[in-house]
Amino acid sequence: MNKTTAASGGGEKNGVPASETNGAKRLSVERIYQKKSQLEHILLRPDTYIGSVEPLKDTMWVYDESAGMVQREITYVPGLYKIFDEILVNAADNKVRDPTMDTIKVDIDP
């Protein structure tokens, strides 16, 4: 599946520099839009699919082995958090469909 994406950046409209959108110069459709494969589009604009890829500081509940659940400020990447959450939600959905499933196990290697 291919996606057509307008190139973008600061001071541009649809990938065209502001100085060139005043009608003085007409650019071709090929210059304004670029055909991308699905993989290229995902790599170019990951926030469209998973959310922000920039680290964020926030106060959240976390598990501490010595104290149990504690609330503290952490730094995390929302897009990575979303991917992890999606895996757990899919596993929980599978549990609903499969009554023989009795465990959801998560191992994290630091």
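Quick summary incoming for the structure in this document. Fair warning: this is a prediction, and the values are worked out from it, not measured in the lab.

1. A closer look at the overall build of the protein chain
Regarding its fold elements, the protein chain presents four helices and six strands. Ordered by position in the sequence, the α and β elements of the protein chain form the string β-β-β-α-β-α-α-β-β-α. Counting over 110 residues, the protein chain shows a buried share of 13%. Looking at the protein chain as shown, the accessible area adds up to about 9,000 Å², and 53% of this sits on carbon and sulfur atoms.

2. Things to note about the environment of Met-60
Position of Met-60 relative to the elements: it lies in strand E5 (residues 56-64). You can call Met-60 buried: its relative accessible area is 18%. A C-alpha to C-alpha distance of 5.4 Å links Met-60 and Gln-71, two positions eleven residues apart in sequence.

3. Some thoughts on the pairing of E5
Note: E5 against strand E6 (residues 68-76), nine bridges, orientation antiparallel. The residue of E6 that forms the bridge with Leu-56 is Tyr-76. Counted between consecutive antiparallel strands, the loop separating E5 from E6 contains three residues.

4. A few points about the side chain of Lys-36
Among the structural elements, Lys-36 can be located in strand E4 (residues 33-37). Lacking a salt bridge, the buried Lys-36 has Glu-40 as its closest oppositely charged neighbour, with an N-O distance of 5.7 Å. A distance of 2.9 Å separates a polar atom in the side chain of Lys-36 from a polar atom in the side chain of Gln-34.

Rules and cut-offs
- Residues numbered from 1 in each chain as written.
- Predicted model: local features only at pLDDT ≥ 70, side-chain atom pairs only at ≥ 80, totals over all residues.
- Heavy atoms only, no water.
- Helix = DSSP H or I, 4+ residues; strand = E, 2+ residues; numbered from the N terminus.
- Buried < 20%, exposed > 50% of the residue type's maximum accessible area, 1.4 Å probe, protein only.
- Areas by Shrake-Rupley, 256 points an atom, 1.4 Å probe, with all protein chains shown as cover.
- Pairing = 2+ DSSP bridges.
- Lys, Arg positive; Asp, Glu negative; His and termini not counted.
- Salt bridge = Lys/Arg side-chain N within 4 Å of Asp/Glu carboxyl O.
- Polar contact = N/O pair within 3.5 Å; in protein donor to acceptor, adjacent residues only side chain to side chain.

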